Structures are given as structure tokens and as C-alpha cells.
Amino acid sequence: MNTRSPAIRRRIGGHAVELRAPRLSDADSWRSTSLEHELRLRPALGRPGTDWSTQHSSVAWAETWWRAHTAPSIVDSRIVIVDDASGERVAGQAEHHGPDRRTGHLETSIWLAGVHESRPIAIWVVATTMLDVFRAYPEVPQ
């Protein structure tokens, strides 16, 4: 069961940051951010034997969006939208998978790219999404 928390918008430094569920319409911005920051993102997110551009195509985004809404292992999936002097764009993604059947734990994955002052934004994204997941799954060891 995926949590469906409402969108949250906050001002963090010089950025308006929105944390919300992924939308199909995010494809172009997600792709643009991913391609622009390939050197930074590929080591953590690249799949061997898959071209980075193909891995970040509109079709790949549609598959990512579908999994975020239907995969039983993904308990929370949100994208990070940043609006600043560069304009509004996808700047990251956060997902929580689990709980693991054996340990009861969750696995968290987050990436941010192309954002000045990304550390406070990352802290806010992780804290916000983790609190929502712990509320939805109080049995998860903390």
C-alpha cells in the first residue's frame, strides 16, 4: 500500500520546494534534470548495460510513474519540485520500499540534482517522507 500524502510546499533558502506524488506530466522535466546531471547521478542510479538516455526516456518515466502508484514494495514515492531563479523543475525523487518481510525495515532512496543549498532541502525531504511512512507503518522499527 502506497501512502498518498498531499503535496507540501515550503520555502527553503532561495527556493520554493514542493514534495508531491509523481505525475505523468513530470516526464520532460525529470528527463531534463537526469540528463543534465548524468555524471553525478549515473554512479548511484545507472543500470549496467542500459544507455542513460534510454533509462531516462519518456517511456522510462511512464514506467517509473506506474511503479510508484502500483508496486506493493513502494510504500511512498514522491518527487521534489524546485522553483527558483532557474524556473520550476523536477530536482529529485524520494522513495521508500518495504517493509522487509524478514527484518521489518524500510529502505529509503533519495536523489537531488541541480539545486544550490541542496543539503537543507534533502534533510527536509527525508524527514517529511519518513515521518509520513512511520505514521502509516507504526510497526516499522525506528
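Up top you'll find the structure we're talking about.
Residues numbered from 1 in each chain as written. Predicted model: local features only at pLDDT ≥ 70, side-chain atom pairs only at ≥ 80, totals over all residues. Heavy atoms only, no water.

Participant: I'd like a rundown of unusual backbone geometry, residues and numbers included.
Facilitator: That bond from Gly98 to Pro99 is cis: its omega, -15 degrees, falls within 30 degrees of zero. Turning to its location among the elements, Pro99 is positioned in the loop between strand 4 (87–97) and strand 5 (107–112). (Helix = DSSP H or I, 4+ residues; strand = E, 2+ residues; numbered from the N terminus.)

Participant: Could you give me a rundown of the packing of aromatic side chains, with the residues and numbers involved?
Facilitator: Using the criterion set out here, one finds 2 aromatic pairs in the structure. Centroid distance Trp30 to Trp61: 4.9 Å. Interplanar angle 45 degrees. Geometry classified as tilted. Pair noted here: Trp30 is in helix 1 (residues 27–36) and Trp61 is in helix 4 (residues 58–70), with a separation of 31 residues, a long-range link. This pair shows no difference in class: Trp30 is buried, exactly as Trp61 is. Between Trp65 and Trp66 the ring centres are 6.2 Å apart and the planes differ by 45 degrees, which places this aromatic pair in the tilted class. (Phe/Tyr/Trp six-rings, centres within 6.5 Å; stacked < 30°, edge-to-face > 60°. Buried < 20%, exposed > 50% of the residue type's maximum accessible area, 1.4 Å probe, protein only.)

Participant: Quick rundown of the nonpolar core? Include the residues and the values.
Facilitator: One finds Val17, Val80, Val82, Ile121, Trp124 and Val125 to be the most contacted residues of the largest nonpolar core, which totals 13 residues. Broken down by secondary-structure element, the contributors of at least two residues to this core are strand 1 (8–12), strand 2 (15–20), strand 3 (74–84), strand 4 and helix 5 (118–136). A per-element tally of this core places helix 5 first, with 3 residues. One finds Trp30, Trp52, Val90 and Ala113 within the second-largest nonpolar core, a separate group that totals 11 residues. (Core = buried A, V, L, I, M, F, W, Y, C linked by side-chain atoms within 4.5 Å.)

Participant: Pulling in residues and values, what's your account of the side chain of Thr33?
Facilitator: Structurally, Thr33 can be placed in helix 1. A residue is classified by how much of its surface remains accessible, and Thr33, at 6% relative accessible area, is buried. With residues near it in sequence (within four places) discarded, Thr33 still touches Leu41, Val90, Ala91, Trp111 and Ala113. (Contact = heavy atoms within 4.5 Å.)

Participant: Which residues make up the pattern of salt bridges, and what values go with them?
Facilitator: Counted under the stated rule, the structure contains 9 salt bridges. Note that Glu38 is salt-bridged to Arg42, the shortest N-O span being 2.6 Å. Remark: Arg42 and Glu38 occur in helix 2 (residues 38–45); sequence separation between them is 4 residues, near one turn of the helix. Judged by relative accessible area, which is 26%, Glu38 ranks as partly exposed. Among the salt bridges present, the one from Arg89 reaches Asp84, with a minimum N-O distance of 2.9 Å. Grouping residues by exposure puts Arg89 and Asp84 together as buried. (Salt bridge = Lys/Arg side-chain N within 4 Å of Asp/Glu carboxyl O.)

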